[in-house]
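Letter by letter, the chains look like this.
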Amino acid sequence: MLLMSLCKRTKGVLQLPANVSVPAVLAFGDSIMDTGNNNGLKTLVKCNFPPYGKDFEGGTPTGRFCNGKVPSDLLVEELGIKEYMPAYLDPNLKGSDLLSGVCFASGASGYDPLTPKIASVIPMSDQLDMFKEYIGKVKGIVGEERAKFIVSNSLYVVVAGSDDIANTYFVVHARIQYDIPAYTDLMSNSASSFVKELYKLGARRIAVLSAPPIGCVPSQRTLAGGIVRKCSEKYNEAAKLFNSKLEKELDSLNRNSPNARIVYIDVYNPLLDIILNYQNYGYKVVDTGCCGTGKLEVAVLCNPLDATCPNPSEYVFWDSYHPTEGVYRILISQVLRKYFNQLLGHLP
């Protein structure tokens, strides 16, 4: 419970080293980071309706796949930049929002180009195009020199891979020509290419999060965990294999990219610890989500017609796929403590 209280700290308590400035956070990837980019898309992967946003400001559903804030919001909050991170495609986005960070992520996207096609969401390649457009807009607002400073000193966070493994590979069987080693090669090569492109565009502080223990989320327990809904080991083994490849790729990129801090962030083990020892963290329910039966409901299946648990703070998962804000707070707090110096020290 001590950790729970630590995570409710006031915003902006992290002290950056002297002469280090992180003007913005820019997020890419999937639903872990998405703050509403899917709202205007013709896709079933949406959540801009109740009960999503139950614990967000004013109980407003914004397109965040959570009961409250998501990691992209918590990062800008912890760094003292702003209260939450707007979606780049938010129709109400203001020019001033761009200068302190926006989110390009799209729920159900992935490193495999086939993954966003299956779900009709924004591919990682299009997220890069949106970032290029963003750079042009920032130059128009603050001029070339300041724009260059913002781009090179901001923190970039990339989160993808879950939908590739869980949906594209295991559920849809859309890559039957690949075994798991070959498919995780495809994923890690694609992730590496994405980071290289970010670097070419001027990004220097790049955090890439590992895949989580995807076999332990409620929906995958239901689909692949047998009658007793245990964690699916084959899903988790695939995630671990991808993570080991991703870590090697990023270490190599970091060594070979001048003036960069490209850092692999392990979230697999901290989240697995919360799942396995959930009661130590103050949670009561781990194998079902708060929404509906909690076994399969996510996106359009988690809707106002479904009963929602009265107290999401007792649950590790909000829906059958995504953690609650409380769990995200613990993870972000742990990640920032562990990787703070690697990511946010002086650029080499």
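Cut-offs applied
- Residues numbered from 1 in each chain as written.
- Predicted model: local features only at pLDDT ≥ 70, side-chain atom pairs only at ≥ 80, totals over all residues.
- Heavy atoms only, no water.
- UniProt positions renumbered as here; feature names shortened; annotations may be inferred.
- 1 Å grid on protein atoms, 1.4 Å probe; cavity = no way out; pocket = protein on both sides within 12 Å on 5 of 7 lines; lining within 4 Å.
- Points joined across faces, edges and corners; volume = space filled by probe spheres on them.
- Helix = DSSP H or I, 4+ residues; strand = E, 2+ residues; numbered from the N terminus.
- Nonpolar A, V, L, I, M, F, W, Y, C, P; charged D, E, K, R; others polar.
- Contact = heavy atoms within 4.5 Å.
- Phe/Tyr/Trp six-rings, centres within 6.5 Å; stacked < 30°, edge-to-face > 60°.
- Buried < 20%, exposed > 50% of the residue type's maximum accessible area, 1.4 Å probe, protein only.
- Lys NZ or Arg CZ within 6 Å of the ring centre and 35° of its normal.
- Disulfide = S-S within 2.5 Å.

- If you look the chain up in an unreviewed UniProt entry, it shows as GDSL esterase/lipase exl3 from Stylosanthes scabra.
- In its Sequence similarities (unreviewed entry) section, UniProt records this for the chain: "Belongs to the 'GDSL' lipolytic enzyme family."

Thoughts on the layout of surface pockets
Okay, step 1: Its volume calculated, the largest pocket comes out at about 610 Å³.
Okay, step 2: The set of elements that each furnish at least two residues to the lining of the largest pocket consists of helix 4 (114–119), helix 7 (162–171) and helix 9 (218–224).
Okay, step 3: For the lining of the largest pocket, the element with the highest residue contribution is helix 7, accounting for four residues.
Okay, step 4: Among the residues forming the lining of the largest pocket, the class breakdown is 15 nonpolar, ten polar and one charged.
Okay, step 5: Approximately 410 Å³ is the volume attributed to the second largest pocket.
Okay, step 6: Considering the residues around the second largest pocket, the lining is formed by 21 residues, among which Arg 64, Tyr 84, Pro 86, Ala 87 and Asp 90 are closest to the centre.
Okay, step 7: In terms of residue class, the lining of the second largest pocket is made up of eight nonpolar, seven polar and six charged.

So, the environment of Tyr 264
Okay, step 1: Positionally, Tyr 264 belongs in strand 4 (residues 261–265).
Okay, step 2: On a C-alpha basis, the gap between Tyr 264 and Leu 347 in space is 16 Å, while along the polypeptide they are 83 residues apart.
Okay, step 3: Not counting residues within four places of it along the chain, the set of residues in contact with Tyr 264 comprises Val 208, Ser 210, Asn 243, Leu 246, Glu 247, Leu 250 and Tyr 339.

Some remarks on the packing of aromatic side chains
Okay, step 1: The tally for this structure, following the rule as stated, stands at 17 aromatic pairs.
Okay, step 2: Consider the rings of Phe 28 and Phe 131, whose centres lie 5.7 Å apart with planes at 90°: the pair is edge-to-face. Here the residue Phe 28 occupies a position in strand 1 (residues 25–29), and Phe 131 occupies one in helix 5 (residues 124–142), the gap between them amounting to 103 residues. For the pair Phe 28 and Phe 131, a shared accessibility class is recorded, and that class is buried.
Okay, step 3: With a centroid separation of 6.0 Å and an interplanar angle of 80°, the aromatic rings of Phe 49 and Tyr 52 are classed as edge-to-face.
Okay, step 4: Owing to a relative accessible area of 18%, Phe 49 belongs among the buried residues under this scheme.
Okay, step 5: Connected via pairs of aromatic rings, a cluster forms that spans Phe 28, Tyr 88, Phe 104, Phe 131, Tyr 134, Tyr 156 and Phe 194.
Okay, step 6: Its guanidinium or amino end placed over the ring of Tyr 199, Arg 204 lies 3.8 Å from that ring's centre, counting from NZ or CZ.

Remarks on the state of the cysteines
Okay, step 1: The final tally for this structure, using the stated rule, is three disulfides.
Okay, step 2: Each disulfide pairs two cysteine sulfurs, and for Cys 290 the partner residue is Cys 309, the sulfurs being separated by 2.0 Å. Between Cys 290 and Cys 309, the S-S torsion sits near -100°, and that sign places the bridge as left-handed. Residue Cys 290 is found in the loop between strand 5 (285–289) and strand 6 (315–317), and its partner Cys 309 is found in the loop between strand 5 and strand 6; the two are separated by 19 residues along the sequence.
Okay, step 3: We classify Cys 290 as buried; its relative accessible area is 2%.

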